[in-house]
Amino acid sequence: MKTKIETLIHALSQLFKLNIISADYQAIPLQGGTVGNVQLVMGTAETVDGKKLPYRIVLKIQKKWERYGDLGSWRREYDLYSSDLGSTFSDGFRWPTCYHAEMNAEENEFQLWLEYINGITGLDLTGDMYVQAAMELGSFQGKLYAEQPALLQSLTNLSQANFMKNAYKHYRSWPVVYDYIRSEDCEIPQHVRQMLIDIDEHADEILARIEQLPLVLCHRDFWVTNLIYTDGKIALIDWDTSGWGYLGEDLASLIADEADIDYMVENYQRCVPAYYQGFSEYADVSPIADHCVYEMILLVFGYRLVDGYLHTEDDDKKMKHVLTLQKIYEMKSNPTS
């Protein structure tokens, strides 16, 4: 394990709020995103008075890398955990507690020692859990938007509000996907292709409408594997893409990012009103006539799904991408209440 035992002991002392003097450990890899080395560290800690305590703690080691259009993202979680952002969470919506954060500037690498949260995640989340996550997210964003705490101004390493627009334009600029949906060889159903073409033709107008929505602090990777439901509450991991975005932007990920295809339309119908209900606890949403979540889903995932379809040889995966696009198409005729 790439760490000193002293660092582990320090983190465990913070976890237990006791004076830990020794600990044994074993580490196993966790699925923690595409760029970080995430391990579950387990063992038994011993206190100064001889008490032995079993423990589980997460170690995340992140090296410098570059994300398109967001160069500071590699160290963002370290910067956020080093800030006071944690004080803004509620009992029902939070991130894992950080017991120790350490930056190695020479190696362009940081370590986070984090709370291990055991709960329901991924495709095991139920529809009611989706709704709760949407409502809690709305409350969190609404509270920050209404109160504008001073700490928000101190968060200098955040992704920018145009991140979604730039990502869409980046995908749209790829001839391989742009030309494919317009070609006679395209095997994606015509009505789905036309949905994407229509978005392109009205993109400037749609983006202008989105840019009239309130700016809120977004997670920007708000999908099912980053959500953990435990003890009736929502925990959210992997904050490296977070930044300023538009109201409702995170719902695009919750509803469409590798979610349960069979329930996508239902989740769309239920989660958007729940999100706005949470936000309206703190801020007036009545002037917002059009939430644009459907359009955001298409902007973020439309070309991405076509790209995935084109670059896999697996027929089941191809079908999944097409079915996801079909469900997005069906959302248009099944609006939220």
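For the structure, check the block above.
Analysis parameters
The residue numbers shown here count from 1 along each chain, following its written sequence. Only residues with pLDDT of at least 70 get local features here, since the model is predicted, and only at 80 or more are side-chain atom pairs given and counted; chain-wide, interface and lining totals rely on the full set of residues. Water and hydrogen atoms were dropped before computing side-chain values, which therefore reflect all heavy atoms in the structure. Axis geometry follows a simple rule: fit a line to the C-alpha atoms, using only the stretch in contact for helices, then measure angles between N-to-C directions, giving values from 0 to 180 degrees. We count a stretch as a helix when DSSP gives it H or I for four or more residues in a row; a strand needs E for two or more, and each element gets its number in order from the N terminus. Note that the term roughly parallel is reserved for angles under 35 degrees, roughly antiparallel for angles over 145, roughly perpendicular for angles of 65 to 115, and oblique for everything else. A clockwise turn of the near helix away from the far one marks a right-handed crossing, whereas an anticlockwise turn of less than a right angle marks a left-handed crossing. Residue contacts are defined here by distance: any two heavy atoms, one from each residue, within 4.5 Å place the two residues in contact. Any two cysteine sulfur atoms lying within 2.5 Å of each other are counted as a disulfide. For two strands to be treated as a pair, DSSP must find at least two bridges joining them. Each residue gets one label: Ala, Val, Leu, Ile, Met, Phe, Trp, Tyr, Cys and Pro are nonpolar, Asp, Glu, Lys and Arg are charged, and the others, such as Gly, are polar. Salt bridges are defined as contacts in which a side-chain nitrogen from Lys or Arg sits within 4 Å of a carboxyl oxygen from Asp or Glu. Using a 1.4 Å probe on the protein chains alone, a residue whose accessible area is under 20% of its type maximum counts as buried, one over 50% counts as exposed, and one in between counts as partly exposed. Nonpolar cores are built from buried Ala, Val, Leu, Ile, Met, Phe, Trp, Tyr and Cys residues. Side-chain atoms within 4.5 Å join them into one set. In summary, the pairing rule links any two rings of Phe, Tyr or Trp, Trp by its six-membered ring, whose centres are within 6.5 Å, and it sorts them by plane angle into stacked for under 30 degrees, edge-to-face for over 60 and tilted for everything else. Multiplying 1.5 Å by the residue count of a helix minus one yields the expected span of that helix.

1. Points about the packing of helix H10 (residues 264–280) against helix H12 (residues 315–332)
How two helices pack is summed up by the angle between their axes together with the distance between the axes.
Argument step 1. Interhelical geometry of H10 versus H12 gives an angle of 40° and a closest axis separation of 9 Å. By the angle class used here, H10 and H12 are oblique. Where H10 crosses over H12, the handedness of that crossing is right-handed. Taking contact as the criterion, the partners of Met264, Val265 and Tyr268 in H10 are, on H12, Thr324, Lys327, Ile328, Glu330 and Met331.

2. Considerations on the state of the cysteines
Argument step 1. Going through the model one piece at a time under the given rule, you end up with zero disulfides.
Argument step 2. With no disulfide of its own, Cys271 has Cys218 as its nearest cysteine by sulfur position, at a separation of 16 Å.

3. Topic: the sheet that holds strand E10 (residues 227–230)
By way of backbone hydrogen bonds, the strands of a sheet pair with one another, either parallel or antiparallel.
Argument step 1. Spatially, the four strands line up as an open sheet ordered E5-E11-E10-E8, and their pairing is mixed. Lying at the two open borders of the sheet, with one neighbouring strand each, are strand E5 (93–94) and strand E8 (120–121).
Argument step 2. Together, E5, E8, E10 and strand E11 (233–236) form the strand contacts of helix H3 (residues 127–147), whose direction differs from that of E11 by roughly 70°.

4. Here we look at the packing of helix H5 (residues 163–172) against helix H11 (residues 293–310)
Argument step 1. Here H5 crosses H11 at 30°, and the two axes come no closer than 9 Å. Relative to H11, the element H5 is oriented roughly parallel. The element H5 and its partner H11 pack so that their crossing is left-handed. Packed against H5, whose contacting residues are Met164, Tyr168, Tyr171 and Arg172, the element H11 presents Met296, Leu299, Val300, Tyr303, Arg304 and Asp307 at the interface.
Argument step 2. The residue inventory of the contact of H5 with H11, partitioned by class, reads seven nonpolar, no polar and three charged.

5. Some thoughts on the pairing of E10
Argument step 1. Pairing analysis gives two bridges linking E8 to E10, with the strands arranged antiparallel. When the bridges of E10 are listed, Ile120 appears paired with Tyr229.
Argument step 2. When E10 meets E11, the two strands line up antiparallel, connected through four bridges. By the bridge assignment, Leu227 is partnered in E11 with Leu236.
Argument step 3. With antiparallel pairing between neighbouring strands as the criterion, E10 and E11 make up a hairpin whose turn holds two residues, including Asp231 at a positive phi of roughly 55°.

6. Examining the pattern of salt bridges
Argument step 1. Within the structure shown, the criterion is met by 19 salt bridges.
Argument step 2. Between Lys165 and Glu211 there is a salt bridge; the shortest N-O distance is 3.0 Å. With Lys165 in helix H5 and Glu211 in the loop between helix H8 (203–210) and strand E9 (215–218), the pair connects residues that are 46 residues apart, well separated along the chain.
Argument step 3. Given the relative accessible area of 34%, Glu211 is considered partly exposed.
Argument step 4. Here the salt bridges do not stand alone but share partners, grouping Glu205, Arg209, Asp290 and Glu295 into one network.

7. Thoughts on unusual backbone geometry
Argument step 1. Positive phi is not limited to glycine here, since Gln148 has a value of about 45°.
Argument step 2. With respect to the element layout, Gln148 can be found in the loop between H3 and helix H4 (151–154).
Argument step 3. Although it is not a glycine, Arg220 sits at a positive phi angle of roughly 70°.
Argument step 4. Mapped onto the secondary structure, Arg220 falls in the loop between E9 and E10.

8. Side note on the nonpolar core
Argument step 1. In terms of nonpolar packing, the biggest core is built from 91 residues, with Ile210, Leu251, Ile297, Ile328 and Met331 touching the most fellow members.
Argument step 2. Every residue in contact with Ile328, bar those within four places of it in the chain, is listed here: Met195, Met264, Tyr294, Ile297, Leu298 and Leu305.
Argument step 3. Judged by nonpolar contacts, the second largest core, of 15 residues, contains Ile9, Ile20, Leu53 and Leu59.

9. Structural notes on the packing of aromatic side chains
Argument step 1. Within the structure shown, the criterion is met by 13 aromatic pairs.
Argument step 2. Relative to Trp95, the ring of Tyr81 lies with its centre 4.0 Å away and its plane at 25°, an arrangement referred to as stacked. Of this pair, Tyr81 sits in helix H2 (residues 76–81) while Trp95 is found in the loop between E5 and strand E6 (98–104), placing the two residues 14 residues apart along the sequence. Just as Tyr81 is buried, Trp95 falls in that class too.
Argument step 3. Where Tyr180 meets Tyr309, the ring centres are 6.3 Å apart and the plane angle is 35°; that geometry is what we call tilted.

10. Here's the deal with H10
Argument step 1. Here H10 contains 17 residues, and its C-alpha end-to-end distance of 24 Å stays within 8% of the 24 Å for a straight helix at 1.5 Å per residue.
Argument step 2. All buried positions along H10 are accounted for by Met264, Val265, Asn267, Tyr268, Cys271, Val272, Ala274, Tyr275, Tyr276, Gly278 and Phe279.
Argument step 3. Where H10 is buried, its residues meet H3, E9, helix H9 (249–256), H11 and H12.

Note that all results are geometric; they support no functional claim without further evidence.
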